[in-house]
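Structural characterization, general
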Amino acid sequence: MIKTFDAPSIVSTGTVFATASVVKKLNPIDVFVALQRHRRGDWGLVSESDHEQNDLALQIGGRLLSVFEDREQTRFWIITEADRSQSTVLLPSDY
């Protein structure tokens, strides 16, 4: 069972897409948890520079990037477009 709490969502992710490799390789629960973190402004394993860029993009608009690992330590990304119309969950090799 996953415990959740009501934390405010600061990122609108729009329609969420996942690449075929994400669907095939990652556990959907890990993706769900990462999306919830991304919506709260938790950028996961991004560099300090990317963290600052994301924080700025929240203020002035811009694309958002979060980096997470699943339970098997497979790294994956969540990218939300600048207009917040859609987000994509992908493996770095999908980019």
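Residues numbered from 1 in each chain as written. Predicted model: local features only at pLDDT ≥ 70, side-chain atom pairs only at ≥ 80, totals over all residues. Heavy atoms only, no water.

**Quick look at the packing of aromatic side chains**
Per the counting criterion, the structure on display carries two aromatic pairs. When the ring of Phe68 is compared with that of Phe76, the centres are 6.1 Å apart and the planes differ by 40°; the resulting orientation is tilted. Comparing Phe68 with Phe76, the two get one shared label, buried. Pairing Trp77 with Tyr95 gives two aromatic rings, centres 5.5 Å apart and planes at 65°, and the pair type is edge-to-face. In this pair, Trp77 sits in strand S3 (residues 75–80) while Tyr95 sits in the segment after strand S4 (86–90), placing the two residues 18 residues apart along the sequence. The exposure class assigned to Tyr95 is exposed, which follows from its relative accessible area of 62%. (Phe/Tyr/Trp six-rings, centres within 6.5 Å; stacked < 30°, edge-to-face > 60°. Buried < 20%, exposed > 50% of the residue type's maximum accessible area, 1.4 Å probe, protein only. Helix = DSSP H or I, 4+ residues; strand = E, 2+ residues; numbered from the N terminus.)

**Here's the deal with the nonpolar core**
The biggest cluster of nonpolar side chains holds ten residues, and these are Val22, Leu26, Val31, Ala34, Leu35, Phe68, Phe76, Ile78, Val89 and Leu91. At the level of secondary structure, the elements contributing two or more residues to this core comprise helix H2 (28–39) and S3. The residues touching Val89, leaving out its near neighbours within four places in the chain, are Val16, Phe17, Ala18, Thr19, Val22, Val31, Leu35, Phe76, Trp77 and Ile78. (Core = buried A, V, L, I, M, F, W, Y, C linked by side-chain atoms within 4.5 Å. Contact = heavy atoms within 4.5 Å.)

**Describing helix H3 (residues 48–60)**
Residues spaced three or four apart along an α-helix face the same direction, because each turn holds 3.6 residues. Its 13 residues place the ends of H3 18 Å apart at the C-alpha level, agreeing with the 18 Å of an ideal helix rising 1.5 Å per residue. Taken from the residues just after H3, Gly61 is the one with a positive phi, measuring 95°. (Expected span 1.5 Å × (residues − 1).)

**Topic: H2**
Along its twelve residues, H2 runs 16 Å from first to last C-alpha, staying within 8% of the 16 Å computed at 1.5 Å per residue. Turning to H2, its buried residues are Asp30, Val31, Ala34, Leu35, His38 and Arg39. On its buried side, H2 packs onto strand S1 (15–18), helix H1 (20–25), strand S2 (64–69), S3 and S4. Gly41 sits one or two residues past H2 and shows a positive phi near 85°.

**Digging into unusual backbone geometry**
Phi is positive for Gln73, close to 65°, though the residue is something other than glycine. By the element assignment, Gln73 lies in the loop between S2 and S3. Classification of Gln73 by relative accessible area gives exposed; the value is 55%. One non-glycine residue, Arg84, lies in positive phi territory at about 60°.

**A closer look at the sheet that holds S4**
The mixed open sheet is built from four strands, whose spatial order is S1-S4-S3-S2. Each end of this open sheet is capped by a strand with a single partner; those strands are S1 and S2. Neighbour to neighbour, the strand axes of the sheet diverge by 20° on average, direction disregarded. Alignment of S2 against S3, held across six bridges, turns out to be antiparallel. Pairing of Leu65 across the sheet is with Ile79, part of S3. Along the sheet, H2 makes contact with S1, S2, S3 and S4, crossing S3 at roughly 45°. (Pairing = 2+ DSSP bridges. Axes fitted to C-alpha atoms, helices over the stretch in contact; angles between N-to-C directions.)

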